[in-house]
Amino acid sequence: MTMNRRDALKSVVLMMGGTMVGATAILTGCTPENQIEGLDFKPEDIAFLDEIGDTIIPATDTPGAKAAGIGSFMVMMVKDCYDANQQKTFVDGLNTINKEFKAENGKAFVDASAEERIAYLNKMYETAKASGDRKPEVIYMLKDLTVLGYFTSEIGATQALNYVEVPGRFDPCIPYNPGDKAYAV
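Residue positions are given per chain, counted from 1 along the sequence in the order it is written. Reporting in this predicted model follows two pLDDT cut-offs: at least 70 for local features of residues, and 80 or more for side-chain atom pairs to be given and counted; totals over whole chains, interfaces and linings ignore these cut-offs and use all residues. Just so you know, side-chain values use all the structure's heavy atoms and leave hydrogens and water out.

## Quick word on the nonpolar core
Step number 1: What makes a nonpolar core is a set of buried Ala, Val, Leu, Ile, Met, Phe, Trp, Tyr and Cys residues whose side-chain atoms join them at distances within 4.5 Å. Per-residue accessibility, obtained with a 1.4 Å probe over protein chains only, is compared with the maximum for each type, and a residue is labelled buried under 20%, exposed over 50%, and partly exposed between these values. Counting 42 residues, the largest nonpolar core has Ile52, Phe90, Leu94, Ile97, Phe109, Leu142 and Leu145 as its most contacted members.
Step number 2: Those elements that provide at least two residues to this core are α3 (43-56), α4 (70-81), α5 (84-105), α6 (114-131), α7 (137-151) and α8 (154-160).
Step number 3: Note on conventions: DSSP H or I runs of at least 4 residues are helices, E runs of at least 2 residues are strands, and numbering of each starts at the N terminus. Here this core takes ten residues from α7, the largest share from any one element.
Step number 4: Once residues lying within four places of it in the same chain are set aside, the contact partners of Phe109 are Phe48, Glu51, Ile52, Thr55, Ile97, Phe101, Arg117, Tyr120 and Leu121. Whether two residues are in contact is decided by their heavy atoms, any of which lying within 4.5 Å being enough.

See below:
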């Protein structure tokens, strides 16, 4: 389920256009009225989300999603921006991943090798794509939240992207060579 940084950036651009689950809450700045009361995530849930995020965007020559604290970011987004149906879909999806992964591999997701995790998430993603709809929706939620959280984090913006402080100097023509980092402002 790994993606190169360029594909991840394209996903961020698409998400910022409003295709991400929960985008209406993000774009309007309002917390949905119907949310699950008392929705709580334990430290082991955050660790699980960190591992999923790090499987999607692993550490390479730059830190991965876990280093950016992606688990805590996902929890914050789900609790603050998702409505009750989306929250239920997310929590149920995580429970399904936990159970199915353990049944298929004989161990917990967090105890598995990177290759086993990648194979499982890729299979889940390919199944979702092949079905023609967004089921299981949790794989899209996890991917979207990982990419959004990573590239809006300090680590993602300053180490994976070419960060330019705003306001900054205006350069009307900047040479771009294939393989250069995209700019973050």
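## Some details on the environment of Phe41
Step number 1: On the secondary structure map, Phe41 appears in the loop between α2 (23-28) and α3.
Step number 2: What makes Phe41 buried here is its relative accessible area of 11%.
Step number 3: Taking C-alpha positions, Phe41 is 9.8 Å from Met76, a pair spaced 35 residues apart along the chain.
Step number 4: In this structure Phe41 touches Val75, Val78, Lys79, Phe90, Val91 and Leu94, once residues within four positions along its chain are discounted.

## Observations regarding α4
Step number 1: In a regular helix each residue adds 1.5 Å, so twelve residues correspond to 16 Å; α4 covers 16 Å between its end C-alpha atoms and thus fits that length.
Step number 2: Taken together, the buried positions of α4 are occupied by Ile70, Gly71, Phe73, Met74, Val75, Met77, Val78 and Cys81. Working rule for helices: expected span equals 1.5 Å times residues minus one.

## Things to note about the pattern of salt bridges
Step number 1: We count a salt bridge whenever a side-chain nitrogen from Lys or Arg sits within 4 Å of a carboxyl oxygen from Asp or Glu. Counted by the stated rule, this structure contains six salt bridges.
Step number 2: Put simply, Lys66 and Glu51 hold a salt bridge, and the shortest N to O gap is 2.6 Å. Taken together, the residues span a long stretch of sequence, with Lys66 in the loop between α3 and α4 and Glu51 in helix α3 at a distance of 15 residues.
Step number 3: Look at Lys66 and you get partly exposed, because its relative accessible area is 36%.
Step number 4: Looking at Glu51, the relative accessible area reads 14%, which means it is buried.
Step number 5: Note that Lys123 and Glu104 form a salt bridge whose closest N and O atoms lie 2.8 Å from each other. Separated by 19 residues along the polypeptide, Lys123 in helix α6 and Glu104 in helix α5 bring together distant segments of the chain.
Step number 6: Taken together, the shared-partner salt bridges connect Glu51, Lys66 and Arg117 into one network.

## Here we look at the confidence of the model for the chain
Step number 1: Known as pLDDT, the predictor's confidence for each residue is given on a scale from 0 to 100. Residues at a pLDDT of 70 or more form 79% of the chain, whose mean pLDDT is 83.
Step number 2: Ranking the elements of the chain by mean pLDDT puts α2 last with 47 and α3 first with 96.

## What to know about α6
Step number 1: Between its first and last C-alpha, α6 extends 26 Å over 18 residues, near the 26 Å set by a 1.5 Å rise per residue.
Step number 2: Those residues of α6 that sit buried are Arg117, Tyr120, Leu121, Met124, Tyr125 and Ala128. Each buried residue of α6 sits inside an arc of 125° when the element is viewed along its axis, so together they form one side. Residues Glu115 and Ala130 are exposed on α6 and point more than 90 degrees away from its buried face.
Step number 3: If you follow the buried residues of α6, they end up packed against α3, α5 and α7. In this context, the arc is that of the directions from the helix axis out to the C-beta atoms.

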